[in-house]
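Notes for the structure review
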Amino acid sequence: MASLPDSTLAMDGARMAHPVGEGALAAASTGTVLEVRDLRIEFPLRQGSLVAVDSVSFGIGRGEILGVVGESGAGKSLTGSALIGLLQAPGKITAGSIHLSGQRIDNLSQAEQRRLRGRHIGAIFQDPLTSLDPLFTVGQQLTETIRAHAPVGRQKARERALQLLREVGIADPDSRFSQYPHQFSGGMRQRIVIALAIAAEPELIIADEPTTALDVSVQAQIIGLLKRLASTRGTAIMLVTHDMGVVAETADRVAVMYAGRVVEMGSVDDVIHRPRHPYTAGLMASIPSLKHKDERLAQIDGSMPRLGAWPQGCAFNSRCAQVGKRCRVAIPPLASAQGTLVACFLHQGGTEL
C-alpha cells in the first residue's frame, strides 16, 4: 500500500520512527501528565503585537479530564493548538512553558514536535472530516497509524485496528474496515477519529469541541467514550468546549477562560454549583433548567472585547454588574478562594473594589 499523506493529526509524525524523549515520557506513568506554566501567545504586528492568550497555567493528571470553557474568542482553541505544536503563523508562544510527563515540549523543533503528535499526544477535532483522508479506507488509516508507532506487521496492525473499532463502538468492524469515511455517519466518523487518536496510546488527548456537530444521543455516546478512556487507560484529556452541560457530564475539573486568561478554575461541582467569578456565574445562569422551564434565561450584557481591544484592568469590567474602581485599573491575579482559583477582586480582600 502506498504511504498515506500527512493529512491528519493522529497520523502526523507517522514518518518519524523514534519519538523524542521516549525514556523521559515513559518514566512518568503516574501523577501530572500535562503542566502549562504562564503561557503567553502573541500575534506580531508591524508595530507591537496582539496578545491572544496571557498568563495561562494549569495541569492535568493521569486519568483526569479538564474542561476548558468560555465564549468564542476566549483563547481555548489557541491554547490547545499550542499544546500540540500547531499554532497557525504568525501566532507564537512568547512566554511560559509546556511540560508533558515532566519534559518541556514547547521549545522542541518542528520535527521533534511532530514525533510527539500521535505517539504521545492525540487530538480530536469538531469536524471529523478534517482528520480523515477521503481517499483511504478507515482500515488503511488505522493500520498505517499503528505501524508508524509500533514494530508490527500488517496482520497484527489489522487485528489492533479492528480491536480499536470495537472499542469505540463501531458495529461490524470487519466489514466496515474496508469502507471510506464518507460511508459513515458524523457520529461514526468521530468515533473513528477517536480510534486514530488513541491508536498509539498517548498520555494526553486534546479534544476540541468533539461533540458540537453531533445530535444529543450521539453526544452522550462520545462523552461516555471519553470518560472510559480516562478511567480505563489513564489518559489525561483536555476537553475544549463552550457547552457547560458537556463539562458537567464529562470533566473532573473546569477552567473558565475569558479574553485570553483563566478567570476561574476548580472542581466541576464547585464551579458549576458555586461559581465565584461574575463571568462564570453569568454562564451558569444562562443555562436552561429542566425544573424551571418557564423562567426567563439570564444573559450577560455586551460581548467579549475583540482581540487587541481589551480594556484596562479586568477584561470583564465592562460587562460586570459588580465592577469597582480597582477593576478598571488592575488585572486581578488568579488566586485561591475557598478551594477554587478565581481572578476577581471580590474574593481577594481589600476594603473596596
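Along each chain, the written sequence defines residue order, and numbers are assigned to residues from 1. Side-chain atom pairs in this predicted model are given and counted only at pLDDT of 80 or more, local residue features only at pLDDT of at least 70, and totals for whole chains, interfaces and linings cover all residues. Hydrogens and water molecules were not included; the side-chain quantities draw on all heavy atoms of the structure.

Brief notes about the pattern of salt bridges
Whenever a carboxyl oxygen of Asp or Glu lies within 4 Å of a side-chain nitrogen of Lys or Arg, that contact is scored as a salt bridge. Going through the model one piece at a time under the given rule, you end up with 13 salt bridges. In this structure, Arg-160 and Glu-201 form a salt bridge, with 3.6 Å as the shortest nitrogen-oxygen distance. Of the two residues, Arg-160 sits in helix α5 (residues 154-167) while Glu-201 sits in the loop between α7 (186-198) and β7 (204-208), which places them 41 residues apart along the sequence. Among the ionic pairs, Arg-274 bridges to Asp-270, the shortest N-O distance being 2.5 Å. Shared partners join several salt bridges into a network, and the residues in it are Arg-40, Glu-42, Asp-54 and Arg-261. Strands here are runs of E lasting at least two residues and helices are runs of H or I lasting at least four, both read from the DSSP assignment and numbered beginning at the N terminus.

Quick notes on the nonpolar core
Only buried residues count toward a nonpolar core. Its members are Ala, Val, Leu, Ile, Met, Phe, Trp, Tyr and Cys residues joined through side-chain atoms within 4.5 Å. Relative accessible area decides the class of each residue, using a 1.4 Å probe on protein chains only: under 20% of the type maximum gives buried, over 50% gives exposed, and in between gives partly exposed. In terms of nonpolar packing, the biggest core is built from 92 residues, with Phe-58, Leu-204 and Tyr-279 touching the most fellow members. Whether two residues are in contact is decided by their heavy atoms: any pair within 4.5 Å suffices. With near-sequence residues (within four places) excluded, Tyr-279 lies in contact with Gly-70, Glu-71, Val-256, Met-257, Tyr-258, Val-263, Ile-300, Met-304 and Phe-316.

Some details on the sheet that holds strand β11 (residues 335-337)
In short, DSSP must find at least two bridges between two strands for them to pair. Pairing is mixed in the open sheet, where eight strands are placed in the order β6-β7-β8-β3-β9-β10-β12-β11. Among the strands making up the open sheet, the edge pair consists of β6 (121-124) and β11. Each adjacent strand pair in this sheet contributes to an overall mean axis angle of 20°, direction not counted. Pairing analysis gives four bridges linking strand β3 (residues 65-69) to strand β9 (residues 253-258), with the strands arranged parallel. Its bridge partner being in β9, Val-69 is matched across the sheet by Val-256. Lines are fitted to the C-alpha atoms to define the axes, a helix being fitted only along its stretch in contact, and any angle between axes, read from their N-to-C directions, falls within 0 to 180 degrees.

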